Amino acid sequence: MAKSLKNTTVKPVPPAIEKEKRHRDFVLKLVLFSALVAGVVYYTDAKGYFNPDYTNDHTRRKWNAYYEFTKRNPVDVVMVGNSHLYTGVSPEHLSNALGASCFILASPGTTMTDTYYSLKEAIKVRKPRLAVVETFTLNDYDSHELKPGTLSEQFKSFSARKDVVEKMLSTPVLFASDHYAAAWSNTIRNHSFIFTDTAQIRRNIALSKIKQRPEQGLYLGRYIRFTSGIEDSTLLKYERPGFKAYEYSKHMPSKEALKFLRKAIELCDANDVELVLLTLPMYHRHVHDYGQFKKVVQEAAGPGVSWLDLQMPYDTAAFTAESFENTVSENQHMTYQGSLVAAYKLARYITTRHPGVVPDRSGDLAWKQLFYGSDGYFENHSPEKDGVSTVLMSQAEPGAGLRVKELILVPQQGAKRLLMKLEPGAGPHTVTVELEMKAGNERAVVPLDLRRATAISPVGHQLLVSDYLDPRVEVTKVVRIINN
Amino acid sequence: MLFNSFDFAVFLPLVYLLYWLLFRKNLKLRNLFLLVASYTFYGFWDWRFLSLILISSLMDYVLALKIHQLPDTEPRRRKSLMILSLVLNLGFLGFFKYYNFFVDSFVSAFAFFGKEFSYSPLHIILPVGISFYTFQSLSYTLDVYYKKMEPTHKLINFLAFVSFFPQLVAGPIERAKKLLPQFDEVKTFDYQAARSGLLLIVFGLFKKVVIADRLAVFINQTYGSIAEAQGIAMLMGVLFFTFQLYLDFSAYSDIAIGTARLFGFRLTTNFRRPYLSASFSGFWKRWHITLSSWFQDYIYIPMGGNRRGPSRKLVNLLVVFFLSGLWHGASWNFVIWGIINGLFLIVLDPVLKLEQPGSTFKRIFAALLVVAGWMFSLVFFRAQTFADAMLVFGNLGFGNAEMLYNFGLNSREFTFALYALVAMMIYEIVAERYGEKLLDRFFASPVYVRWGLYLALTLGIIYLGAYGAANDNSFIYFQF
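Keep in mind it's a predicted model, so treat the numbers as computed, not measured. (Residues numbered from 1 in each chain as written. Chains lettered and ligands numbered in written order. Predicted model: local features only at pLDDT ≥ 70, side-chain atom pairs only at ≥ 80, totals over all residues.)

Our focus in this paragraph is the nonpolar core. The tendency in soluble globular proteins is for nonpolar side chains to be buried side by side. Counting residues in hydrophobic clusters, the biggest one holds 224 residues, and the most contacted among them are Val78(A), Met79(A) and Leu105(A). For this core, the element with the most residues is helix H9 (residues 232-262) of chain B, which contributes 19 residues. Those residues in contact with Leu105(A) that lie beyond four places of it in its chain are Lys62(A), Trp63(A), Tyr66(A), Val78(A), Met79(A), Val80(A), Ser118(A), Ala122(A) and Gly221(A). (Core = buried A, V, L, I, M, F, W, Y, C linked by C-beta atoms within 7 Å. Buried ≥ 20, exposed ≤ 12 C-beta atoms within 10 Å, placed from the backbone. Helix = DSSP H or I, 4+ residues; strand = E, 2+ residues; numbered from the N terminus. Contact = placed C-beta atoms within 7 Å.)

Dropping the structure here:
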């Protein structure tokens, strides 16, 4: 072997070949170096060292809950949109009113483009029967022109979704090229934590050592912040001459928004998912030129589209000042009370305009196990022997011309509440129920006023509700019912 | 397209690979490919203005050939063609860059003498890099006119020369004599040039993204709210701008030179550690060298330079600095900045004998004086108006230290910026001492040292860079 090597004459490598080889080496080294850099970034991403504080990221929470929920349960209604949706519709009440599973996958300040991709992913994960697309996302800005605050929300929405292929395909549509890396990598997006929030990095390092638990319990994407309605002093601002809080003519949908509205309609058609456009209202004195907006959206969506428009015509009896956030700023959201009105109006719309599309699962054990006792359950369904709720009367005619389907005492919002369900049709606005109550060793007969629920309007019956009661009280007997 | 953008991060490797793998062997195709790449690069900003570059290039291409074809017996026709090129090139520049400025100045001047005119400014978009490529293209016609070079008949080569993407929008302003012949060279891959080019690119990006853009946050806020920036905050704003401008612009030149090297092209050095200069005239031989030499060759020397006596020399220098100020921007502040620098050179250099050799102490003192003078002039460069500049001077001081961190940088970021500046200046001093040997020594060092530095710079850009949705990361000289 050594001998043969000695006899081998080594030919000089021609300079051109040598240069080619060096060039190949150079390119290979570059590729290797790039991989090394990408590896370091990937490592800090995977470890989550630069993650933002997720405790307040409700967009991520919604998606995590959706992925977890759909692993084991069917989903019937998926709702997509922006903050107007997750503050303006109570998904628990909607679910309980329909006897179905309804999810909100909305993120704040988002565009129609992002909304479309959210809907696409939601359908891909588990196909719903019906999709609700809220129209406030048809705003005037395009995804490539987002300002830092809104862009940050679009990053959150994008980052919360998990389908890698869809994300890759949607990246150039959702972001300007300079934001691609930030959209994909928390390290790139939040690298400034090194200077601005080292405490968060330390928290993330600690968290990276703990296995994260999946979303527990029933979370359907509600995020309601507003409890008190528009106050009188705020209402006075609408009296100012020439004052216009929100002018739709200044926020007409962009071409991109209309294009993605049409794509959303086509997506639902292609997947055999029924679609409802939903316009949630702002206070009627708050909004101007809505007709212009409506006309443009109608033209873009086409004549056959199903559209529940709660802004026009506006239901002044249902949507009172109490239904809206106490502000005259452009972005007026709904309150909890308003979200109940909207949820029941939507439920009624779905059952009448799309009958049979959303199944009534209220008899299914699996559904009941998930939804029993959740917000709006007892208003729509009968309690069972659960040791917590009390059925005081069922299918009775206690006189005073009343036909009571059910009189129940149920736990709600950390208190107790008396609910009376009557057959649908014209009924009393208030009744007084005299109850014998027990708290500790004391017993007393107490008259309780029940009023017609304005916000809660179940599909199958009329509802009268009491104020919230002390959770310790027990009702021993219904003494008398007076029709006022 | 910005060098510090995702688009460029995709564009550069793609063009590089296509250039070396597909187009290297056929000169015509290669130059056509470079032309297409350069126009694409520019078109990312605004494709409509490509027509302006094309028209400007075609004009000079044709005029230079015509000038060359005319015999010496027709000096008037030759001259008139050269003047036509000047008028057309400067006409474009004047319209897009100076129209509103001149009209506004005339209206103000007439108003001063009691004659009022109503005037509404035109909404003119300033084409990025117009000052750079106009000067580059113009120098070609002038060189042909002065018979410093033969014109090229190869249209593609000439178009590629004017629009060569590494230096198209912010220089270095290349001379046709140097760059144009390189389009006729058959390129073979040069490993040393490529790796030094790459190092320059990464180093330039580090200077820009990690240091200059971080300083920019503070500067934008202090200069953006001068009334609030009192005492040391304003002083630091002024000091930081001195370094931001240098790091930002020299970073662009580094990346441009580095990028050109990857394609086998050699561009002119544009900065040679100007803040270590011990005289004002020395400073201008180190700062934006390609513009200074352009003014020297095409304005100062044709006006007589220093050949017509000392007083004429002073006038010539002042004219050059006046024009240099105007070249930078359509505002009287830039003119004032130019004249101040001219005066420093004319007055301080001879009075303080700065150009004469001296002790180390004298050189340090002189360098500090030059930087201080430069810093002073830059207040006019950065402030929006003369009144703003005066406000800045009025606010300078050492008090109100508690306000220092109210201008976009918290204490950690501010301290980092200071350390980074000190480190950069130490590097400059070392580089001044060792020159090219420093790079040779680096490339001769073990692989872990080299890769360690590459990694440190690259990861530094990613983890310590001042970039993101809230940052404006364009290069300062793009506005010129």
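On we go from here.
Each partner contributes residues to the interface: chain A has 23 residues there, and chain B has 23 residues. Secondary structure elements with two or more residues in the side of chain A that touches chain B: helix H2 (15-47), helix H7 (148-160), helix H9 (180-184) and helix H11 (193-196) of chain A. In terms of residue count, H2(A) provides more of the side of chain A that touches chain B than any other element does, 9 residues in total. Of the residues contributing to the side of chain A that touches chain B, the split by class is 14 nonpolar, 6 polar and 3 charged. (Nonpolar A, V, L, I, M, F, W, Y, C, P; charged D, E, K, R; others polar.)

All right, on to the domain arrangement of chain A then. Residue and element names in this part refer to chain A. According to the domain assignment, chain A contains domain 1 (55-173 + 218-353) and domain 2 (383-483). Here the C-alpha centroids of domain 1 and domain 2 sit 34 Å apart. Each partner contributes residues to the interface: domain 1 has 9 residues there, and domain 2 has 6 residues. Considering each element in turn, the side of domain 1 that touches domain 2 owes the most residues, 7 residues, to helix H16 (residues 336-353). (Domains from an automatic or database assignment.)

The next subject is the packing of helix H6 (residues 112-125) of chain A against helix H8 (residues 164-174) of chain A. All names here are of chain A. Where H6 contacts H8, the axes come no closer than 11 Å and their chain directions differ by 170 degrees. Considered as vectors, H6 and H8 are oriented roughly antiparallel to each other. Residues Thr113, Asp114, Tyr117, Lys120, Glu121 and Lys124 of H6 lie in contact with H8, whose contacting residues are Glu166, Ser170, Val173 and Leu174. A class-by-class count of the residues in the contact of H6 with H8 yields 3 nonpolar, 2 polar and 5 charged. (Axes fitted to C-alpha atoms, helices over the stretch in contact; angles between N-to-C directions. Parallel < 35°, antiparallel > 145°, perpendicular 65-115°, else oblique.)

All names here are of chain A. An order of E2-E1-E3-E5-E7 is seen for the 5 strands of this open sheet, with the pairing classed as parallel. The strands lining the two open edges of the sheet, one partner per strand, are strand E2 (102-104) and strand E7 (306-309). Mean inter-strand twist for the sheet, computed between neighbouring axes without regard to direction, equals 20 degrees. When strand E5 (residues 274-279) meets E7, the two strands line up parallel, connected through 4 bridges. In the strand pairing of E7, leucine 277 is matched with tryptophan 307. (Pairing = 2+ DSSP bridges.)

Residues and elements named next belong to chain B. For helix H4 (residues 75-112), which comprises 38 residues, the first-to-last C-alpha distance of 44 Å sits more than 12% below the rise-based estimate of 56 Å (1.5 Å per residue). Largest kink in H4: about 75 degrees, centred on tyrosine 98. Listed in full, the buried residues belonging to H4 are Arg78, Leu81, Met82, Ser85, Asn89, Leu93 and Lys97. Here the buried face of H4 lies against helix H3 (50-69) and helix H5 (130-145). (Expected span 1.5 Å × (residues − 1). Bend = angle between axes of the 7 residues up to and from the residue.)

Moving on, we come to the pairing of E5(A). Residues and elements named next belong to chain A. Most of E5 sits out of view: 5 of its 6 residues are buried. Here 5 bridges tie strand E3 (residues 130-134) to E5, and the two strands are oriented parallel to one another. Residue pairing in the sheet places alanine 131 in a bridge with leucine 275 of E5.

Residue and element names in this part refer to chain A. With respect to the element layout, valine 433 can be found in strand E11 (residues 430-439). For valine 433, a count of 24 C-beta atoms within 10 Å translates into the label buried. Spatially, the C-alpha atom of valine 433 lies 56 Å from that of serine 143, the residues being 290 residues apart in sequence. Apart from the residues within four sequence positions on either side, valine 433 is in contact with Leu418, Leu448, Leu450, Val478 and Ile481.

Both faces of the sheet carry side chains from a regular strand, because those side chains alternate between them. Residue and element names in this part refer to chain A. The pairing of strand E9 (residues 404-412) with strand E10 (residues 415-422) spans 8 bridges and is classified as antiparallel. The residue of E10 that forms the bridge with glutamine 412 is alanine 415. Counting the residues in the hairpin turn of E9 and E10 gives 2 residues, including glutamine 413, whose phi is positive at 50 degrees. Sheet topology note: the E10/strand E13 (residues 462-465) ladder contains 4 bridges and is antiparallel. Considered in E13, the bridge of lysine 421 is made with leucine 463.

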